[in-house]
Amino acid sequence: MKRLVISLALLAPLACDKDKKPSDVPDADTTGDVTVADTGGEDEPKEPIEPDVPQEPDPAEIAEGAHEYLLGHYQQAIDKLEPVYNDLEERKQYRASGLAGGWLALAHAQIVFESGQEPSKHALEMADRTQDPEVKAVAQLAHGAMLLGNEDYEAAAAAFTNAANAAPESLPGALANILRAESLIGSAFGTSASETVENPADLEEAKKAYAAAAKVANAGKETDALMGRVEEGLAAVSRYQGDKPAVCSHAAASIEHFQKAGVSEFLVDGPRGLADKFGCKL
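Because the structure is predicted, anything quoted here is derived from the model rather than measured.

Quick notes on the rules
Residues numbered from 1 in each chain as written. Predicted model: local features only at pLDDT ≥ 70, side-chain atom pairs only at ≥ 80, totals over all residues. Heavy atoms only, no water. Helix = DSSP H or I, 4+ residues; strand = E, 2+ residues; numbered from the N terminus. Buried < 20%, exposed > 50% of the residue type's maximum accessible area, 1.4 Å probe, protein only. Contact = heavy atoms within 4.5 Å. Areas by Shrake-Rupley, 256 points an atom, 1.4 Å probe, with all protein chains shown as cover. Phe/Tyr/Trp six-rings, centres within 6.5 Å; stacked < 30°, edge-to-face > 60°. Disulfide = S-S within 2.5 Å. Axes fitted to C-alpha atoms, helices over the stretch in contact; angles between N-to-C directions. Parallel < 35°, antiparallel > 145°, perpendicular 65-115°, else oblique. Left-handed = near helix turned anticlockwise from the far one by under 90°. Nonpolar A, V, L, I, M, F, W, Y, C, P; charged D, E, K, R; others polar. Core = buried A, V, L, I, M, F, W, Y, C linked by side-chain atoms within 4.5 Å. pLDDT = per-residue confidence, 0-100. Expected span 1.5 Å × (residues − 1). Salt bridge = Lys/Arg side-chain N within 4 Å of Asp/Glu carboxyl O. Polar contact = N/O pair within 3.5 Å; in protein donor to acceptor, adjacent residues only side chain to side chain.

Engineer: Could you give an account of the overall build of the protein chain, with specific residues and numbers?
Structural biologist: A count of helices and strands for the protein chain gives twelve helices and zero strands. The linear arrangement of helices and strands in the protein chain, starting from the amino end, is α-α-α-α-α-α-α-α-α-α-α-α. The burial tally for the protein chain puts 55% of its 282 residues in the buried class. For the protein chain, restricting intrachain contacts to residue pairs at least 6 apart in sequence, the fraction spanning at least 24 positions comes to 69%. When the accessible area of the protein chain is evaluated, it comes to approximately 11900 Å², of which 50% is carbon and sulfur surface.

Engineer: Break down the packing of aromatic side chains for me, with residues and values.
Structural biologist: The description of an aromatic ring pair uses the distance of the two centres, along with the angle that the planes make with each other. Applying the stated criterion to the full structure yields three aromatic pairs. One aromatic cluster in this structure is built from Tyr69, Tyr74 and Trp103.

Engineer: Tell me about the environment of Ser249, residues and numbers included.
Structural biologist: Examined against the element boundaries, Ser249 turns out to sit in helix 11 (residues 244-261). Of the residues examined, Ser249 reaches a relative accessible area of 43% and is grouped as partly exposed. Between the alpha carbons of Ser249 and Ser238 there is a distance of 9.9 Å; along the sequence they are eleven residues apart.

Engineer: Got a sec to walk through the state of the cysteines? Specific residues and values, please.
Structural biologist: This model, assessed by the stated rule, comprises one disulfide. One disulfide in the model links Cys248 with Cys280; its S-S distance is 2.1 Å. Here the S-S torsion is close to -75°, and the disulfide linking Cys248 with Cys280 is therefore left-handed. In this pair, Cys248 is assigned in helix 11 and Cys280 in the segment after helix 12 (265-277), connecting sequence segments 32 residues apart. A residue is classified by how much of its surface remains accessible, and Cys280, at 12% relative accessible area, is buried.

Engineer: Break down the packing of helix 5 (residues 117-130) against helix 6 (residues 133-149) for me, citing the residues and quoting the values.
Structural biologist: Remark: helix 5 packs on helix 6, axes separated minimally by 8 Å, with the N-to-C direction vectors making an angle of 150°. Considering their axes alone, helix 5 and helix 6 lie roughly antiparallel with respect to each other. Helix 6 is crossed by helix 5, and the crossing has left-handed handedness. Contact with helix 5, carried on its side by Gln117, Ser120, Ala123, Leu124, Met126, Ala127 and Thr130, involves Val135, Lys136, Ala139, Gln140, Ala142, His143 and Met146 of helix 6 and no other residues of that element. Here the contact of helix 5 with helix 6 is composed, by residue class, of eight nonpolar, five polar and one charged.

Engineer: So what about the nonpolar core? Which residues, and what values?
Structural biologist: Tyr69, Trp103, Leu141, Ile185, Tyr210 and Val230 are the most contacted members of the largest nonpolar core, which has 73 residues in total. No other element matches helix 8 (residues 171-188), which puts ten residues into this core. Membership of the second largest hydrophobic core comes to seven residues, among which are Val247, Ala251, Leu274 and Cys280.

Engineer: So what's going on with the confidence of the model for the protein chain? Residues and values would help.
Structural biologist: A residue-level look at the protein chain finds 84% of positions with pLDDT of 70 or above and a mean pLDDT of 85. Here residues 1-7 scores under 50 on pLDDT; set against residues more than four positions off or in separate chains, the count is 35 contacts.

Engineer: Would you mind going over helix 7 (residues 153-166) in detail, with residue names and values included?
Structural biologist: Between its first and last C-alpha, helix 7 extends 20 Å over 14 residues, near the 20 Å set by a 1.5 Å rise per residue. Looking only at helix 7, the buried set comprises Tyr153, Ala155, Ala156, Ala157, Ala159, Phe160, Asn162, Ala163 and Ala164.

Engineer: Account for helix 4 (residues 94-109), naming residues and giving values.
Structural biologist: The periodicity of an α-helix, 3.6 residues per turn, causes residues three or four places apart in sequence to face the same way. Taking 1.5 Å as the rise per residue, helix 4 with 16 residues should run 22 Å; its terminal C-alpha atoms sit 22 Å apart, in good agreement. Across the 16 residues that make up helix 4, a large majority, 15, are buried.

Engineer: Please provide a residue-by-residue account of the pattern of salt bridges, values included.
Structural biologist: Note that side chains of opposite charge can pair when their charged atoms are close. Per the stated rule, a full pass over the model turns up 13 salt bridges. Asp132 is the salt-bridge partner of Arg95, the closest N and O atoms lying 3.0 Å from each other. Of the two residues, Arg95 sits in helix 4 while Asp132 sits in the loop between helix 5 and helix 6, which places them 37 residues apart along the sequence. Looking at Arg95, the relative accessible area reads 25%, which means it is partly exposed. Linked by salt bridges that have partners in common, Asp58, Arg95, Asp132 and Glu134 make up one network.

Engineer: Please provide a residue-by-residue account of unusual backbone geometry, values included.
Structural biologist: Most peptide bonds take the trans form, and the phi angle of most residues other than glycine is negative. At Lys92, a residue that is not glycine, the phi angle is positive and equals roughly 55°. Take Lys92: its relative accessible area is 42%, and that puts it in the partly exposed class.

Engineer: How would you sum up the side chain of Ser170? Please name residues and give values.
Structural biologist: Relative to the helices and strands, Ser170 is located in the loop between helix 7 and helix 8. Within the structure, the side chain of Ser170 is placed 2.7 Å from the backbone oxygen of Ala167, a separation counted as a polar contact. Discounting residues that sit within four places of it in the chain, Ser170 has contacts with Val216 and Lys221.

Written out as structure tokens, the structure reads:
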């Protein structure tokens with residue numbers, strides 16, 4: 001995707017696979033209670049399904065895997081999450097396996113897209129069973145990543161909106177707003193083949209989503225890793241709106257946050273490359 005000169009977390013690596021179609025991912029209205037179309041709250045809330053085995057606390061590997069994902073250490077996240085996900089799924093640990101599956105799907109989406117589809121589907125099923133807000137948020141994040149990978153920007157944005165609404169003050173909620181903003185940047189161009197902004201209002205909506213993410217990040221939830229992504233995204237928006245000074249200030253802020261967080265060089269290369277392109281003095 002030529003227009004994305006920064007990594008923007010999911011858009012750049014996923015959009016490279018042009019032979020996939022939106023039909024490769026479950027339709028937006030076929031994922032049960034936590035659908036990407038379910039933003040209006042019109043359906044009656046479901047009751048959680050009681051598991052037939054005792055449920056255990058979330059294992060530490062889930063939070064550790066999520067942290068590795070945020071740092072851009074995607075293979076490390078997979079290595080951390082996959083064994084615990086398989087174990088939790090086999091032992092019918094509803095909440096924990098849903099969380100593990102969602103984060104695992106997000107990490108897989110960065111390396112081998114298809115590998116994320118099964119854990120993403122499982123996360124949606126566990127969100128339906130548990131009615132747990134955090135599981136719903138992570139499940140919709142994963143589902144949105146699958147849709148975004150197929151350049152179904154509108155459905156992806158709806159999934160990320162669901163995720164943000166499910167647990168707005170949580171880490172998944174903040175990440176959902178970041179990914180929603182990224183999908184809005186994609187939809188601003190209409191298609192990946194376009195080099196021209198066709199829907200400028202989407203860029204303004206992206207800025208609002210980044211602001212919502214920043215609010216949660218600044219409350220102390222993975223602050224630097226999230227704010228690095230927020231500032232990187234705002235640098236991209238500024239580029240497409242023709243505001244060079246803002247590109248430079250946001251790119252510099254992104255690099256500073258990313259370096260404080262200790263993210264992978266792959267993530268730092270995004271804002272650094274944008275700053276170089278615009279001749280920014282860092």
